Amino acid sequence: MKQKRIQKLTTSLLAVLLLMGAIPYNASAADDDLNTAKQQADQLREKKDQVDQQLQSTLADIHKLEAEIQAAMHKSNDLKQQITVTEAKLAEQKERLKGRVKTMYEGGDVSFWSVLLDATNFSDFLDRMSLLTMIVEQDNNIVNEYKATQAQLKQQQVDLTSEQDLRQSKQQDLLKVEADLQSRYHDISQQIAVKDEEIADLEAAGVAAYQSYTDGMQAGTIIPQTGTGTFAWPVPTSHTINSGYGPRSGEFHKGIDIGAPVGTPIVAVGDGTVWQAGTASGFGHWIVILHDNGVMSVYGHMYSNGVYVSAGQRVKQGQVIGATGSDGESSGPHLHFAIANGVSGGRMSYINPMGYLQ
Ligand SMILES: [Zn+2]
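Residues numbered from 1 in each chain as written. Predicted model: local features only at pLDDT ≥ 70, side-chain atom pairs only at ≥ 80, totals over all residues. Heavy atoms only, no water.

Student: Break down the overall build of the protein for me, with residues and values.
Tutor: What the protein contains, in helices and strands, is 4 helices and 12 strands. When the 358 residues of the protein are sorted by exposure, 38% land in the buried category. Carbon and sulfur atoms provide 53% of the accessible area of the protein, an area that totals close to 20,300 Å². (Helix = DSSP H or I, 4+ residues; strand = E, 2+ residues; numbered from the N terminus. Buried < 20%, exposed > 50% of the residue type's maximum accessible area, 1.4 Å probe, protein only. Areas by Shrake-Rupley, 256 points an atom, 1.4 Å probe, with all protein chains shown as cover.)

In structure tokens form, the structure reads like this:
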């Protein structure tokens, strides 16, 4: 929880430092660029999701169509087989008919003629003749039936082929749509990759700028205004220091404790921007002001109703920003006042505040 809070503080501090131009690079513009890039990346990701959905639905249509085409092909093969069988039967039947007619009229088949010649009288001859004619007619009917079946099968085949043509042209269309969607998906993915790289670069630049700021602070190449005594005293009505900056009962007291009854006005020690105003571990409630000279002033142990400012607000030196309390780890009403010249390893770098105060 505390770690998270400190991380959040560090990030906010960076943002404020960037905004104030305390870091020697165009931080505010970089921040805008970063936000814009992040928005663009989000929009691209949304677009990518939409294209992906369209792609999935197109692919599902294509698969359905492929299954239909496959089924129609099986049906077509079945039909072809049926047509072949019918054609064979038809040819066979035609051959049979031809044989019978030939023997009837040309007299090639002895047994056929012998049927007629064995007639006992003319009436018997006519009976036998009519029987033979019936057999031929029956053969003829069978031929016609086969022909009808064949015509039906061929019609089915024609219908099937035209249906299949339709499916195949639809498949071609869908494949074109798919290819288009794939290429759009690819393009957007590339744009996202470029955007992500841009974001990473901007973030790295921000981190590097902050790092160089804190490094500069530590190395002494960036020197915040120190010990000039230009800061106002934070509790105008009380100069009682209950506990000073420095070692205290086995630990290090990183600020000064100014004793004052609950509700005593606290003022901003200098012009600046409120960076933090709210709850803080150990402090109950705190206020942190980032001053234009790069250092931060910290005010602690107020109750929630003793915090009069909010983050981001500009304050003037001497402006009442809160009232003393005894919230958090406090043994009695007082203001814990501290000065930090940066944040290092996620912690405020506190320094002796006395040199800053008038
Ligand atoms: Zn204290």
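Student: Hey, could you go over the coordination of the zinc ion for me, with residue numbers and the actual values?
Tutor: Geometrically, a metal with four donors at the corners of a regular tetrahedron has ideal angles of 109.5 degrees, and one with six donors at the corners of a regular octahedron has ideal angles of 90 or 180 degrees. Distances from the zinc ion to its protein donors, His253 (NE2), Asp257 (OD) and His336 (ND1), fall at 1.9 to 2.3 Å. Going along the chain, you hit the donors of the zinc ion in the pattern H-x3-D-x78-H. Linking His253 in strand E3 (residues 251-253) with His336 in strand E11 (residues 334-344), this pair joins segments that are 83 residues apart in sequence. Accessibility expressed as a relative area gives 7% for His336, which makes it buried. (Donors = N, O, S within 2.8 Å, 3.2 Å for Na, K, Ca; no water.)

Student: How would you summarise the confidence of the model for the protein if you had to cite specific residues and measurements?
Tutor: In the predicted model, the protein carries a mean pLDDT of 82, and the fraction of residues at 70 or more is 82%. Across residues 18-25 the pLDDT falls below 50, and counting only partners more than four positions away or on other chains, this stretch makes 19 contacts in the model. Per-residue pLDDT stays below 50 along residues 223-227; that stretch engages in 11 contacts with residues further than four places along the chain or on separate chains. (pLDDT = per-residue confidence, 0-100. Contact = heavy atoms within 4.5 Å.)

Student: Please provide a residue-by-residue account of the nonpolar core, values included.
Tutor: As a rule of thumb, soluble globular proteins bury nonpolar side chains together. Formed by 25 residues in total, the largest nonpolar core has its most connected members in Ile287, Ile289, Tyr299, Ile321, Leu335 and Phe337. Counting only elements with at least two residues in this core, the list comes to strand E4 (256-259), strand E7 (284-291), strand E8 (296-302) and E11. When residues of this core are assigned to their parent elements, the largest contribution, 3 residues, is made by E11. Residues in contact with Ile321, not counting those within four places in the same chain, are Ile266, Val267, Ala268, Ile287, Ile289, Tyr299, Gly306, Val307, Tyr308, Val309 and Val315. Listed in part, the 13 residues of the second largest apolar core include Ala280, Trp286, Val288 and Ala338. (Core = buried A, V, L, I, M, F, W, Y, C linked by side-chain atoms within 4.5 Å.)

Student: With reference to specific residues and values, describe unusual backbone geometry.
Tutor: Phi at His301 is positive, roughly 80 degrees, even though this residue is not glycine. Turning to its location among the elements, His301 is positioned in strand E8.

Student: Residue-level account of the packing of aromatic side chains, with values.
Tutor: A full pass over the atoms with the stated rule returns 4 aromatic pairs. Where Phe122 meets Phe125, the ring centres are 6.2 Å apart and the plane angle is 15 degrees; that geometry is what we call stacked. One end of the pair, Phe122, and the other, Phe125, are both in helix H4 (residues 122-219), 3 residues apart, so they sit about a helical turn from each other. Its relative accessible area of 28% is what places Phe125 among the partly exposed residues. Taking 5.4 Å as the distance between ring centres and 65 degrees as the angle between the ring planes, the aromatic pair formed by Tyr299 and Phe337 counts as edge-to-face. You can see Tyr299 sitting in strand E8 and its partner Phe337 sitting in strand E11, a full 38 residues away along the chain. Of the two residues, Tyr299 and Phe337, neither departs from the other in class, the shared state being buried. (Phe/Tyr/Trp six-rings, centres within 6.5 Å; stacked < 30°, edge-to-face > 60°.)

Student: Mind laying out the pairing of strand E6 (residues 272-280), listing which residues take part and the relevant values?
Tutor: The two faces of a sheet get side chains in turn, since along a regular strand they alternate between them. With 7 of its 9 residues buried, E6 lies for the most part within the structure. Pairing geometry for E6 and strand E9 (residues 314-315), over 2 bridges, is antiparallel. The residue of E9 that forms the bridge with Gly272 is Val315. Pairing between E6 and E7: 8 bridges, direction antiparallel. (Pairing = 2+ DSSP bridges.)

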